[in-house]
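What the coordinates show
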Amino acid sequence: MKIERNDMLSVIIPAFNEEDNVLNVAGRIKEVLNDNKISFEIIFIDDGSADGTWAVINGLKDKNIRGIRFSRNFGKEGAIFAGLGAAKGNCVLVIDCDLQHPPELIPRMYGFWREGYEVVEAKKQSRGRESFFYKLCSKLFYKIMESSSNIDVKRASDFKLLDRKAVDALLRLPERLTFFRALSSWIGFKTIEIEFEVAPRTSGKTKWNYKKLISFAISNLTSFSNVPMQFITFAGIIFLIFAFILGSYTIVEFVQGKSLAGYPTTVLLILIVGSFLMIGLGVIGYYISKIYEEIKFRPRFIIKEEVGESDVEE
Ligand code: UDP
Ligand code: MG
């Protein structure tokens, strides 16, 4: 019995307005895991859905399936961490609710865990269907992330399998503003990567829009790197060189008695200096607001209700 429990796989599924997908994904995962004789529990985290997601989860009535419902939408990161905290297995898998992450890969990932790997990262082979602008933005975002954090986040996804040790390490991190995708490699451990082809969404729409994506990118960039701040310093240095050249030129003009034409230069200087100062203040202000967010120590999520009892003893 004990051995069985140690081998149990906890499957964490964040779900936000996924009423049409919950049954599907639960069915597919159960089938795959039963076929491969892997003992498991499934934990749905309803991230404050406005549709019937909770009703569907509630109606599953399966001894291996549990549900956690948030009091409002806290975002996928909160949902993932709630799942990590609730998972009882020694091996934990995070997977999307829309079947874009193929459940057929789970036995392979689980196999790697049995071989001793502690983090199994599934990477996107191609990024699925995305618009040109979307591709451009994500490329830029990942370039900056990579150069600043030494973490290969391109093609990374939240589709991961983690050993209990890695899960506990993640849960011990004190920060509130997390970026699961990058943290899972930041914590180290014996890691292996596998590739998967992003399937189209089975039903419903993606929860992302450009506004959400941009704020997601900025927030993750600043929580993982200081590049935006360094950029300000760098711009400052460039501008100093520029100012030095212009200054020398102005003095030469003055000495030669031709300095009347200085008006445009003055205006230009004020504008350039002003804009750099403003950008700089903005970036610093952003970091300060993040410090403020962290220092409040608010929980990442608030649970409204839970359903289901896994048959695993505490
Ligand atoms: N999700 C969530 N909270 C949110 C947004 C999304 O729990 O605020 C879940 C969603 O239900 C899905 C997963 O995160 O299971 C991925 O979301 P989505 O498919 O919208 O993102 P994409 O695949 O387009 O990156
Ligand atoms: Mg999706």
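Scoring rules and cut-offs
- Residues numbered from 1 in each chain as written.
- Chains lettered and ligands numbered in written order.
- Predicted model: local features only at pLDDT ≥ 70, side-chain atom pairs only at ≥ 80, totals over all residues.
- Heavy atoms only, no water.
- Core = buried A, V, L, I, M, F, W, Y, C linked by side-chain atoms within 4.5 Å.
- Buried < 20%, exposed > 50% of the residue type's maximum accessible area, 1.4 Å probe, protein only.
- Contact = heavy atoms within 4.5 Å.
- Near = heavy atom within 4 Å.
- Polar contact = N/O pair within 3.5 Å; in protein donor to acceptor, adjacent residues only side chain to side chain.
- Areas by Shrake-Rupley, 256 points an atom, 1.4 Å probe, with all protein chains shown as cover.
- Nonpolar A, V, L, I, M, F, W, Y, C, P; charged D, E, K, R; others polar.
- pLDDT = per-residue confidence, 0-100.
- Helix = DSSP H or I, 4+ residues; strand = E, 2+ residues; numbered from the N terminus.
- Axes fitted to C-alpha atoms, helices over the stretch in contact; angles between N-to-C directions.
- Parallel < 35°, antiparallel > 145°, perpendicular 65-115°, else oblique.
- Left-handed = near helix turned anticlockwise from the far one by under 90°.
- Expected span 1.5 Å × (residues − 1).

Some words on the nonpolar core
Core analysis: the biggest nonpolar cluster contains 37 residues, and Leu9, Val11, Ile13, Ile29, Phe44, Leu93 and Met109 have the highest contact counts within it. In this structure Ile29 touches Val11, Ile13, Ile42, Ile95, Pro103 and Ile106, once residues within four positions along its chain are discounted. Core analysis: the second largest hydrophobic core is formed by 33 residues, Leu84, Val167, Leu173 and Phe224 among them.

Notes on the site of ligand 1
Looking at ligand 1, there are 16 residues lining it, with Glu18, Asp47, Asp98, Gln100 and Thr206 nearest. One nitrogen or oxygen atom from the main chain of Pro14 is found 2.8 Å from an oxygen atom belonging to ligand 1. With respect to ligand 1, the backbone of Cys97 contributes an N or O atom lying 2.9 Å from an oxygen atom. If ligand 1 stood free it would expose 530 Å²; the protein chains cover 88% of that surface. Here the shell around ligand 1 is built from residues that sort into five nonpolar, four polar and seven charged.

Comments concerning the confidence of the model for the chain
In regions of low pLDDT, the predicted coordinates are not meant to be interpreted in detail. Per-residue confidence for the chain averages 84 on the pLDDT scale, and 91% of its residues sit at or above 70. The element-level mean pLDDT for the chain is lowest in helix H1 (residues 2–6), coming to 51, with strand S4 (residues 91–94) highest at 96. In the model, residues 1–5 has pLDDT below 50 throughout and makes six contacts with residues more than four positions away in sequence or in other chains.

Side note on the packing of helix H4 (residues 76–86) against helix H7 (residues 164–172)
The contact between H4 and H7 brings their axes to 10 Å, and the two run at 125 degrees. Regarding the angle of H4 to H7, the classification is oblique. Two packed elements cross with a definite hand, and for H4 against H7 that hand is left-handed. Contact residues: Phe81, Leu84 and Gly85 in H4; Val167, Leu170 and Leu171 in H7. Of the residues contributing to the contact of H4 with H7, the split by class is five nonpolar, one polar and no charged.

A word on helix H10 (residues 227–255)
A turn of α-helix holds 3.6 residues, and therefore any two residues three or four places apart point the same way. Here H10 spans 42 Å end to end across 29 residues, near enough to the 42 Å set by a 1.5 Å rise per residue. Where H10 is concerned, the buried positions are Ile232, Ala235, Phe239, Leu246 and Glu253. Just downstream of H10 lies Gly257, where phi reads positive at about 75 degrees.

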